[in-house]
Amino acid sequence: MKNFNQLNIFRRILCALLFLCLALSTLSVQVFAAKDAGKGIEWSFEGDKLIISGSGEMRDFTENDTPPWHKHRNDIRAVIVTDGVTSIGDLAFYKYPNVVSIDLAPSVKKIGAYAFSDCASLEMVNLGGVRHIENSAFARCVSLTSIRLPATLNAIDDKAFYRCSGLVSIYIPSSVSYIGNMVFTYCDNLIGASIQAN
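Per-chain numbering applies: the sequence of each chain, read as written, is numbered from 1 onward. Whole-chain, interface and lining totals are the exception, using all residues; otherwise, since this is a predicted model, local features are given only for residues with pLDDT of at least 70 and side-chain atom pairs are given and counted only at 80 or more. The side-chain figures draw on all heavy atoms in the structure; neither hydrogens nor water molecules are used.

Asks: Which parts of the structure should I look at to understand the packing of aromatic side chains?
Replies: Where two aromatic rings form a pair, the distance of their centres and the angle of their planes describe that pair. Two rings from Phe, Tyr or Trp (for Trp, the six-membered ring) form a pair when their centres are within 6.5 Å of each other. A pair whose planes differ by under 30 degrees is stacked, one over 60 is edge-to-face, and the rest are tilted. As enumerated under the stated definition, the model contains 10 aromatic pairs in all. A centroid spacing of 5.1 Å and a plane angle of 5° characterise the contact between F93 and F116, whose relative ring orientation is stacked. Of this pair, F93 sits in the loop between strand 5 (85–88) and strand 6 (101–104) while F116 sits in the loop between strand 7 (110–111) and strand 8 (124–126), and the two are 23 residues apart along the sequence. Residue classification places F93 among the buried positions, given a relative accessible area of 0%. The numbering of helices and of strands both runs from the N terminus, where a helix is a DSSP run of H or I of at least 4 residues and a strand a run of E of at least 2. Throughout, exposure labels follow a simple rule: accessible area from a 1.4 Å probe, protein chains only, divided by the maximum for the residue type, with under 20% read as buried, over 50% as exposed, and the rest as partly exposed.

What follows is the structure in structure tokens.
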């Protein structure tokens, strides 16, 4: 009889623990869903590559409202944005220390403010069909040595490449009609510039 009572108590404890686990897993899914990347935007993390896919605009983020992939920030080395995504949100990859390369699909038209700012290891950038680079988008990317801006680009906002001290050369196409203030300030090693814009 004693063993039977102990077995019943054990079963009740086990059921309570299972119920608690289910409740916590549901809660974590809800938190994750509340921190999405924008309507129609999906993401996956494979090895050291972050792949952003889907269609539409990525939403903007803040230092207190970080993107859902932020927990992988120290492990991401490559960012790949596939066709269909139309923008990179503000602070989407702000201070990601080990990102080395960025590959944007031609569908991406805008890079938000501080989107890749302070990515100290960033070396290679493919800007696809970008039309607008917002303020401080690549500020303090000290490992970036050269960048060729696409022929689709119309505007470069203030401090877009501020303190990119490793930048040696830059190409600005004739499509650019606006260049903001201090875009290349403190780019101390910049020795070559091809500026086709008026």
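Asks: Hey, could you run me through unusual backbone geometry in this one?
Replies: Apart from glycine, the bulk of residues carry a negative phi angle, and the bulk of peptide bonds sit in the trans form. In this structure, D118 takes a positive phi of about 65° despite not being glycine. Among the structural elements, D118 can be located in the loop between strand 7 and strand 8. Even without a glycine there, the phi angle at R140 is positive, about 60°.

Asks: Would you mind showing me how to read the sheet that holds strand 4 (residues 78–81) here?
Replies: Within a sheet, adjacent strands bond to each other through the backbone by hydrogen bonds, running parallel or antiparallel. Strand pairing follows a simple DSSP-based rule, namely that at least 2 bridges must link the two strands. Taken together, five strands build an open sheet; the order of strands is 1-2-4-6-8 and the sheet is mixed. For this open sheet the edge positions go to strand 1 (41–46) and strand 8, each flanked by a neighbour on one side alone. Strand-to-strand twist across the sheet, computed as the mean angle between neighbouring axes with direction ignored, equals 10°. Two strands pair when backbone bridges link them, and strand 2 (residues 49–54) and strand 4 are joined in this way by four bridges, in the parallel orientation. Residue pairing for strand 4: K49 is matched across the bridge by A78. Lines fitted to the C-alpha atoms define the axes, with helices restricted to the stretch that makes contact. Angles between their N-to-C directions range from 0 to 180 degrees.

Asks: For this particular structure, what's the right way to read the pattern of salt bridges?
Replies: If charged atoms from side chains of opposite charge come close, those side chains can pair. The rule for a salt bridge is simple: a side-chain nitrogen of Lys or Arg has to be within 4 Å of a carboxyl oxygen of Asp or Glu. Applying the stated rule across the entire model yields six salt bridges. Between D48 and K49 there is a salt bridge, with its nearest N and O atoms 4.0 Å apart. Overall, the relative accessible area of 27% leaves D48 in the partly exposed class. Under the relative-accessibility criterion, K49 is labelled partly exposed at 38%. A salt bridge links E134 to K110; the nearest nitrogen and oxygen atoms lie 3.9 Å apart. Within this pair, whereas E134 is found in the loop between strand 9 (132–133) and strand 10 (146–148), its partner K110 is found in strand 7, the two being separated by 24 residues in sequence.

Asks: Whenever I open this one, the side chain of D118 confuses me. Can you help?
Replies: Pairing of N or O atoms within 3.5 Å defines a polar contact, subject to two protein rules: one partner must be a possible hydrogen donor and the other a possible acceptor, and residues neighboring in sequence count only if both atoms are side-chain atoms. Within the structure, the side chain of D118 is placed 2.7 Å from the side chain of S117, a separation counted as a polar contact. A polar atom in the side chain of D118 sits 3.1 Å from the side chain of R140. With sequence-adjacent residues up to four places away left out, D118 is seen in contact with Y94, K95, Y96, A139, R140 and C141. Whether two residues are in contact is decided by their heavy atoms: any pair within 4.5 Å suffices.

Asks: Even after reading the chapter, I still don't get the environment of C164, so can you show me in this structure?
Replies: Among the structural elements, C164 can be located in the loop between strand 11 (155–156) and strand 12 (169–172). A residue is classified by how much of its surface remains accessible, and C164, at 0% relative accessible area, is buried. Beyond its immediate sequence surroundings of up to four residues, C164 is in contact with F138, R140, C141, Y186 and C187.

Asks: Just checking my understanding: could you explain the environment of F138 for this structure?
Replies: Within the secondary structure layout, F138 lies in the loop between strand 9 and strand 10. Residue F138 is classed as buried on the basis of its relative accessible area of 0%. When the C-alpha positions of F138 and Y162 are compared, they lie 7.3 Å apart, and in sequence the two are 24 residues distant. The residues touching F138, leaving out its near neighbours within four places in the chain, are I102, I111, F116, S117, L122, V125, L127, I133, A160, F161 and C164.

Asks: How should I be thinking about the confidence of the model for the protein in this particular structure?
Replies: Detailed reading of predicted coordinates is not advised where the pLDDT is low. Put simply, the protein has an average pLDDT of 87, and 82% of its residues get 70 or more. What pLDDT conveys is the predictor's confidence in a given residue, as a value from 0 to 100. A low-confidence stretch, residues 22–35 stays under pLDDT 50, and its non-local contacts, those more than four residues away or across chains, total six contacts.

Asks: Would you mind showing me how to read the side chain of S107 here?
Replies: With respect to the helices and strands, the residue S107 is situated in the loop between strand 6 and strand 7. Contact partners of S107, with chain neighbours within four places excluded, come to T82, D83, G84, V85 and T86.

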